[in-house]
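# Architecture at a glance
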Amino acid sequence: MKIDIMQDMMNTNLHYAAENKAAFAANGIYAVNVLGSPGAGKTTLLETTFHYLQGKIKSAVVEGDLATARDAARIAACGVPVIQINTEGGCHLDAKMVAKTLGGFDLPKLDLMVIENVGNLVCPAAYDLGEHEKILVMSLTEGGDKPAKYPTAFLAAAAVVLNKFDLLPYIGVDAEKMKKEILDINPQIKIFETSCREGQVFGVDKFAEYLLQKAGKNSAKA
Ligand SMILES: Nc1nc2c(ncn2[C@@H]2O[C@H](COP(=O)(O)OP(=O)(O)OP(=O)(O)O)[C@@H](O)[C@H]2O)c(=O)[nH]1
Ligand SMILES: [Mg+2]
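Small disclaimer: the values here were computed from a predicted structure and weren't measured. (Residues numbered from 1 in each chain as written. Chains lettered and ligands numbered in written order. Predicted model: local features only at pLDDT ≥ 70, side-chain atom pairs only at ≥ 80, totals over all residues. Heavy atoms only, no water.)

## With respect to the site of ligand 1
Neighbouring residues of ligand 1: 20 residues in total, closest Lys42, Thr43, Thr44, Asp166 and Cys196. Within the contact set of ligand 1, an oxygen atom lies 3.0 Å away from a backbone nitrogen or oxygen of glycine 39. Note that an oxygen atom of ligand 1 is positioned 3.0 Å from one of the side-chain N or O atoms of glutamate 116. Coverage of ligand 1 by the protein amounts to 73% of the 650 Å² it exposes when considered alone. Elements represented by at least two residues in the shell around ligand 1 include exactly helix 2 (42-53) and helix 3 (70-76). When residues of the shell around ligand 1 are assigned to their parent elements, the largest contribution, 3 residues, is made by helix 2. By residue class, the composition of the shell around ligand 1 is 4 nonpolar, 8 polar and 8 charged. (Near = heavy atom within 4 Å. Polar contact = N/O pair within 3.5 Å; in protein donor to acceptor, adjacent residues only side chain to side chain. Areas by Shrake-Rupley, 256 points an atom, 1.4 Å probe, with all protein chains shown as cover. Helix = DSSP H or I, 4+ residues; strand = E, 2+ residues; numbered from the N terminus. Nonpolar A, V, L, I, M, F, W, Y, C, P; charged D, E, K, R; others polar.)

## Thoughts on the sheet that holds strand 5 (residues 133-139)
Across the sheet, which stays open at both edges, the 7 strands sit in the order 3-2-4-1-5-6-7 with parallel pairing between neighbours. Of all strands in the sheet, those bounded by a partner on one side alone are strand 3 (82-86) and strand 7 (190-193). Within the sheet, the average angular offset between the axes of one strand and its neighbour, ignoring direction, is 20°. Summarising the sheet, strand 1 (residues 30-35) and strand 5 pair through 4 bridges and their orientation is parallel. Each residue of the ladder has a partner; that of leucine 35, found in strand 5, is leucine 136. (Pairing = 2+ DSSP bridges. Axes fitted to C-alpha atoms, helices over the stretch in contact; angles between N-to-C directions.)

Here it is, written out as structure tokens:
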């Protein structure tokens, strides 16, 4: 007898993803699953974005990491409710892990749920967490060839944030070629160019505006 464990895992994931989706829909929450390599700047982008979203929208974050609550502490310092998941070695979040956190939030009060996935350019792309869209964060320092070499995340994402543009003069990456190769993989993907470096922040306002529009809100819930 053949037991297809992978298929079983994916079916279980879909079950919980549907539950999460229903919880987000019932509470009028727009949910995004933020993924990208370790150190691409996911948490820094969120910290900077929340600065722009302050007073305009009610957000919360689920943080995914193998170990520590360091990213959750950074998000909490922005005044945003956050729950940390430690995967203890797991290379991605699954929908059941996210489902377990939802009871810890005041969902009816929220407009936007951001799930920061475990730092990994491959595995998180395969798992539906019940989000409305995946957003990929890639640092220019990862190299201009990475979209073509790791296409699955670009295919799964609705938007990609190319981060660390402040470093462009130092790293010799052809950003225009990189963007073209991204659009060759996924012509529908929305591309943002950002720097989150303190004192050299740019592009994050446009990304924040995108989230505001997607969440369909210009003011906070009562
Ligand atoms: N120069 C520069 N550094 C940045 C930028 N964004 C983030 N960083 C730095 O990059 C490093 C990693 O940033 P994080 O935000 O922790 O990256 P992450 O993607 O959340 O990492 P993991 O959660 O571990 O996967 C930190 O030292 C940040 O200060 C940027 O736009 N420019
Ligand atoms: Mg992080």
